[in-house]
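Read off the chains here:
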Amino acid sequence: MDKNEALRYHAEGRPGKIEVIPTKPHSTQHDLSLAYSPGVAAPCLEIQKNPADAYRYTAKSNLVAVISNGTAVLGLGNIGAISGKPVMEGKGLLFKIFADIDVFDIELNTEDIDKFIETVKLISPTFGGINLEDIKAPECFEIERRLKEELQIPVMHDDQHGTAIISGAGLLNALKLNGKEIDRIRVVVNGAGAAAISCARFYCALGVKKENIIMCDSKGVINTRRTHLNKEKQDFVANTPFDTLAEALTNADVFLGLSVANILTEEMIRTMAPDPIVFALANPDPEITYEKAMHSRKDIIFATGRSDYPNQINNVLGFPYIFRGALDVQACGINEEMKLAAAYAIADLTKEAVPENVKMAYNEPTLAFGRDYIIPKPLDNRLISRVAPAVAKAAIQSGIARKIIYDWEAYDNELEKRMGHDNRLMRMMINKARSNPKRIVFAEGEDLKILSAIEEISGEGIAHPILIGNKAIILRKIKENKLNIPTPDIFDPQAEQNTLEKYTELYYARRQRAGILPDIARKHMQNPNYIGLMMVENGDADGFIGGTQTPYRTLLKIAKEVVGLRACCPYAAGMHIAVTKKGTFFLADTTVNSHPSAETLECVTALTYESVKQFDIEPVIALTSYSDFGEYKLGSPAQIRTAVEQLHQKYPEMLVDGEMHASVAFNKELRQNAFPFSTLGDKEVNTIIFPNLSSGSIGLGILKELGNHEIIGPILLGMKKPIHILPMDCRIRDIVYLTAVAVSDAQKKQAIDFCPIENRR
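The model shown is predicted, which means the values in this text are computed figures rather than measured ones. (Residues numbered from 1 in each chain as written. Predicted model: local features only at pLDDT ≥ 70, side-chain atom pairs only at ≥ 80, totals over all residues. Heavy atoms only, no water.)

Student: In this structure, what is going on with the overall build of the chain? I would like to understand it.
Tutor: The secondary structure content of the chain amounts to 31 helices and 21 strands. Its C-alpha atoms give the chain principal-axis dimensions of roughly 100 × 75 × 50 Å. For the chain, the proportion of its 761 residues judged to be buried stands at 53%. A separation of at least 24 residues holds for 69% of the contacts in the chain among residues at least 6 apart in sequence. Positive and negative charge centroids in the chain, built from 87 and 96 side chains respectively, lie 2 Å apart. (Helix = DSSP H or I, 4+ residues; strand = E, 2+ residues; numbered from the N terminus. Buried < 20%, exposed > 50% of the residue type's maximum accessible area, 1.4 Å probe, protein only. Contact = heavy atoms within 4.5 Å. Lys, Arg positive; Asp, Glu negative; His and termini not counted. Charge placed at Lys NZ, Arg CZ, Asp CG, Glu CD.)

This is the structure in structure tokens:
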């Protein structure tokens, strides 16, 4: 890391890394009178009557203090309170971006234990929790112990417990891989500071026998022959003949290093028991380099604290979510049950299929539970929805929660929405698909992205996937990329000549009066897109997914030829879903119709209305333009007005209006004041119909590039059967989501085999 680059990062623009921003309106004098005098008196009096109301009326419920005296800053040592401030700000940034927790960093200029404790106690009413940071041992033990005893809010020294929880999760998974029992392993801990002692204690809570732990410090093994040991070290005095680290490691199952660089050698590792677990966590350089450790023996499971090697033991996997769960139930503290719950939740998450965005972020396309992946990656956004609820449940069950959560599904949704990961809609669709999975055929069965998606689709039980492609190639790619697809259903064209001949005859019979000759029909049936679509048309599959290797318009043309459009609506349309912090929005037409007529716009709107209702959401639809309700008479505004008139006549139950600017659509106050006649009334618009493909494509592109949003789609509307076309640059997540939509389409087709909008036309 370049020093000057780091300095520029912290200094440029607004100095530092965090800021305070208002969360309530403050534009008018009335706003200010509510925020401060006289309106602020009302919550003050309520809190005076009931101090717990501070969680309701103030930021206390989401505010943590990161407090340090700078006596043990990273690997820099005792550099003083103000020198450690950049680290505390960094901790605040991590709290915010990973768990949406607000932080004030507080640097106390004292090494006096009593003064430190008294100061924290005096300021504690401000906060919902206290994160102690970078305080040297052994003082940190007493400071944390006394504050936990004397305060009724969560207090945690992360340097101790964060490392213990994360490495504990890694230990559980490493033992799962090498098949050893936790109560029978021998553990050697090198280092006897705050983190090392806390890890040893936590491992005992996980099931390691205390008599099976040997701890070493700079003077060697802490054994019965040692004197002048502090209280914490005395807790791990071993009755052993060993005096040195090398001696202690003989036949040991686990090495945990929280000490200094390069103290562990290859020779020492070779003396360990079979399948040794080596956690070399010295910062920034481990006790042994990754290269030397991996060279020492092939059966090693190795982890460091570094991000440039596999199995990073990183505290950020724990503390944001532990405090999130503790704050959300207004816990009186953080106890052993909550820490154990966090460790088990982290360990369990590692065994789940790794999302595509995580694989891409770390450029590890084959990432899966194994010796090089015993702990989740820090950028895995599932951590908040796994760890925080586990911690919250443990707090409730252990009796230290002031607030009880009853609806855990709603809490999960709240966590997702808090972080901008509000995928409730797609989770609902996935659950719906899982309830009655259908046969979905994938034209590009040899594509690695498709295969990676199939792993998740099969694991979730979303669909019964059928892969078109060379069987040998597909099986080889599954094996090479360590994909968990035990028994893939493969349609190999080379082995299915009789079926292909049947499809050829059916296709020719359908298209012979459209200029298709028998030889052309036979040639088309060598194309996996034609094969997959004919499987759907013939009833051998319930839905089709393709497009990773074929341009969208080319494949749409083939789909219209083979399957065709619904009789009730002679147009297709493309819809995307935008999941934002402000809510979920449906956008159409974003892929198909370049210059739609009024009739096309009417059809696109009807199809979109029907599709949005499929997601169990009541559509509130705005047809957008550069004109508001007759402002301009010609061009697309006139076409939109005609379409809206027809929609109002044919679908009186549909909440739809236009033409209008996007600002009018999304600002209901403006719409009500300026255009009180609008049929949308005080409803929040959730569905936008673009006037043409150009505006739809541009709007969607801007949304993708400038916003931190989840964009799902395109969802193809208007086909006779469930057909969906992927963009060639699609993500694995897009494939999974569109598969769930295709299954839902197939379920709907089975339940009601008619067009819901047909009778209106």
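Student: Quick question: what am I supposed to make of the pattern of salt bridges here?
Tutor: Two side chains of opposite charge can pair, provided their charged atoms sit close to one another. Within the structure shown, the criterion is met by 47 salt bridges. Residue R225 is joined to D243 by a salt bridge in which the shortest nitrogen-to-oxygen separation is 2.7 Å. Taken together, the positions of R225 in the loop between β7 (220-221) and α10 (231-234) and D243 in the loop between α10 and α11 (245-249) put the pair 18 residues apart, joining distant regions of the chain. Residue R225 is classed as partly exposed on the basis of its relative accessible area, which comes to 47%. On the basis of relative accessibility, which here comes to 38%, the residue D243 falls in the partly exposed class. As a salt-bridge pair, D348 and K351 come within 3.7 Å of each other at their nearest N and O atoms. The network of salt bridges with common partners includes D114, K121, E142, R146 and E150. (Salt bridge = Lys/Arg side-chain N within 4 Å of Asp/Glu carboxyl O.)

Student: For this particular structure, what's the right way to read the sheet that holds β7?
Tutor: One key point about sheets: their strands pair by backbone hydrogen bonds, in either a parallel or an antiparallel sense. In space, the 6 strands of this open sheet follow the order β7-β6-β5-β8-β9-β10, with mixed pairing throughout. This sheet does not close on itself; its edge strands, each paired only once, are β7 and β10 (301-304). In terms of strand pairing, strand β8 (residues 254-257) meets strand β9 (residues 277-280) through 4 bridges, oriented parallel. Its bridge partner lying in β9, G257 is registered against A280. Where helix α8 (residues 158-178) meets the sheet, it contacts β8, β9 and β10, and its direction lies at approximately 155 degrees from that of β9. Its contacts with the sheet place helix α9 (residues 194-206) against β5 (187-190), β6 (213-217), β8 and β9, and it is angled at close to 180 degrees to β6. (Pairing = 2+ DSSP bridges. Axes fitted to C-alpha atoms, helices over the stretch in contact; angles between N-to-C directions.)

Student: When you look at helix α25 (residues 552-562) in this model, what are you seeing that I'm missing?
Tutor: Residues that lie three or four places apart on an α-helix share one face, since the helix turns once every 3.6 residues. Of the positions making up α25, those classed as buried are Y552, L555, L556, I558, A559, E561 and V562. For α25, the secondary structure elements touched by its buried residues are α22 (497-511), α24 (528-537), β14 (543-546), β20 (710-717) and β21 (723-725). Backbone geometry just downstream of α25 places G564 in the positive-phi region, at approximately 90 degrees.

Student: Help me out: how do you make sense of the packing of helix α26 (residues 598-614) against helix α27 (residues 636-650) in this one?
Tutor: Each pair of packed helices can be described by the angle between their axes along with the distance between the axes. It is at 8 Å that the axes of α26 and α27 come closest, and there the two elements cross at 50 degrees. Taken together, the axis directions place α26 and α27 in an arrangement best described as oblique. Handedness of the α26/α27 crossing: right-handed. Residues A598, L601, E602 and T605 of α26 lie in contact with α27, whose contacting residues are Q639, I640, T642, A643, Q646, L647 and K650. The residue inventory of the contact of α26 with α27, partitioned by class, reads 5 nonpolar, 4 polar and 2 charged. (Parallel < 35°, antiparallel > 145°, perpendicular 65-115°, else oblique. Left-handed = near helix turned anticlockwise from the far one by under 90°. Nonpolar A, V, L, I, M, F, W, Y, C, P; charged D, E, K, R; others polar.)

Student: Help me out: how do you make sense of the packing of aromatic side chains in this one?
Tutor: Geometry of an aromatic ring pair is reported as the spacing of the ring centres plus the angle between the planes. Scanning all chains against the criterion turns up 12 aromatic pairs. Between F95 and F323, the aromatic rings sit 5.5 Å apart at their centres with planes inclined by 80 degrees, giving edge-to-face as the arrangement. You can see F95 sitting in helix α5 (residues 85-99) and its partner F323 sitting in helix α14 (residues 319-328), a full 228 residues away along the chain. The exposure classification of F95 matches that of F323, with both residues buried. Ring geometry for F104 and F127: centres 6.2 Å apart, planes at 85 degrees, overall edge-to-face. Separated by 23 residues along the polypeptide, F104 in strand β2 (residues 102-107) and F127 in the loop between α6 (113-123) and β3 (129-132) bring together distant segments of the chain. For F104, a relative accessible area of 36% corresponds to the partly exposed category. Chaining the aromatic ring pairs together yields one cluster made of F95, F319 and F323. Just above the ring of F319 sits the side chain of K91; from NZ or CZ to the centre is 3.9 Å. Over the ring of W408 we find K393, and its NZ or CZ is 5.1 Å from the ring centre. (Phe/Tyr/Trp six-rings, centres within 6.5 Å; stacked < 30°, edge-to-face > 60°. Lys NZ or Arg CZ within 6 Å of the ring centre and 35° of its normal.)

Student: How do you make sense of the nonpolar core when you look at a structure like this?
Tutor: If you look at soluble globular proteins, the nonpolar side chains tend to sit buried side by side. Ranked by size, the top nonpolar core spans 104 residues in total, and within it I67, I130, L132, L171, Y203, F279 and M338 carry the most contacts. The contacts of F279, once residues within four sequence positions are left out, are S167, G170, L171, Y203, F255, L256, G257, A303 and I374. Judged by nonpolar contacts, the second largest core, of 61 residues, contains L451, I474, C568 and F615. (Core = buried A, V, L, I, M, F, W, Y, C linked by side-chain atoms within 4.5 Å.)

Student: How should the confidence of the model for the chain be read in this particular structure?
Tutor: Any segment with low pLDDT has predicted coordinates that should not be analysed in fine detail. Overall, the prediction assigns the chain a mean pLDDT of 90, with 97% of residues at 70 or greater. Across residues 751-756, confidence stays below pLDDT 50; counting only partners more than four residues off in sequence or on other chains, it has 4 contacts. (pLDDT = per-residue confidence, 0-100.)

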